[in-house]
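Coordinate inspection notes
This is what each chain is made of:
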Amino acid sequence: MENPELEKLQYPIGKYTAPDEYSAEFIKGAIYQIATFPERLKQEVIYLNEEQLDTPYRKEGWTIRQVIHHCGDSHMNCYIRLKWALTEEIPIIKYYYEDRWSRLEDNLTMPITPSLLLLEGLHYRLAYLMSSLNANDLKKSFIHPEHNKEIQIKELIGLYAWHSNHHLAHITELKKRKGW
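For the structure given in this document, a descriptive report is provided here.

**Regarding the nonpolar core**
Of all hydrophobic cores here, the largest spans 24 residues; its most connected members are I34, L82, L126, M130, I153 and I157. At the level of secondary structure, the elements contributing two or more residues to this core comprise α2 (24–45), α4 (64–87), α7 (113–131) and α9 (153–178). The next biggest cluster of nonpolar side chains, apart from the first, holds 17 residues, and it includes V45, L53, I68 and L168.

**Here's the deal with α9**
When the terminal C-alpha atoms of α9 are compared, their 38 Å separation across 26 residues agrees well with the 38 Å that a helix rising 1.5 Å per residue should span. The positive-phi residue at the C-terminal boundary of α9 is G179, with phi of around 70 degrees.

**Observations regarding the packing of aromatic side chains**
The final tally for this structure, using the stated rule, is five aromatic pairs. On the basis of an interplanar angle of 85 degrees and a centroid distance of 5.0 Å, the ring pair of Y95 and Y97 is categorised as edge-to-face. Using a relative accessible area of 26% as the deciding quantity, one classes Y95 as partly exposed. On the basis of relative accessible area, Y97 is assigned to the partly exposed category, the value being 39%. Plain terms: the ring middles of Y124 and Y128 are 6.1 Å apart, the flat faces sit at 20 degrees to each other, and that makes the pair stacked. With Y124 and Y128 both in helix α7 and four residues apart, this pair spans about one turn of that helix. Of the two residues examined, Y124 and Y128, each falls in the exposed class. Sitting over the ring of Y97, R100 keeps its end group 3.9 Å from the ring centre.

Each value, and the rule that gives it
- Residues numbered from 1 in each chain as written.
- Predicted model: local features only at pLDDT ≥ 70, side-chain atom pairs only at ≥ 80, totals over all residues.
- Heavy atoms only, no water.
- Core = buried A, V, L, I, M, F, W, Y, C linked by side-chain atoms within 4.5 Å.
- Buried < 20%, exposed > 50% of the residue type's maximum accessible area, 1.4 Å probe, protein only.
- Helix = DSSP H or I, 4+ residues; strand = E, 2+ residues; numbered from the N terminus.
- Expected span 1.5 Å × (residues − 1).
- Phe/Tyr/Trp six-rings, centres within 6.5 Å; stacked < 30°, edge-to-face > 60°.
- Lys NZ or Arg CZ within 6 Å of the ring centre and 35° of its normal.

Such coordinate-based values are descriptive only and should not be taken to indicate function.
Printed below as a string of structure tokens:
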């Protein structure tokens, strides 16, 4: 049986749950979440000091710094996967070891400003491209080798809106607990 306290720290907004229907309204709302994520993240982290940035959001979890850099890493992968799905016939994407990436020197020690700037430009491009997609584009897909599952672009949009809010909540919940 899972520890509910640990699960709340790991998934402060809950695990991703796909909607029953990927309506135009759902997609529009998810794209809005993606478009606004960089500014919402920046507002939460820009005034944190080095000690705060190096504080894990939970025991044995990533630091705030690692979470920010992970978002850059993960969302770059999202962008590439989106482009592959739009330009190739159901491509098999490349899996990456996010836990290993999180332990690389840049994720451990680099200032957060480069990743905040990267996310700003990247999310602009993501939201711009996602907003231009039609119903047929939203059904295009790729295969994720970790799950050997076909994932449609509409699912990718919902998942990355959640992913943005999921990691933002790691930071905001830690700040609440610490009184920052």
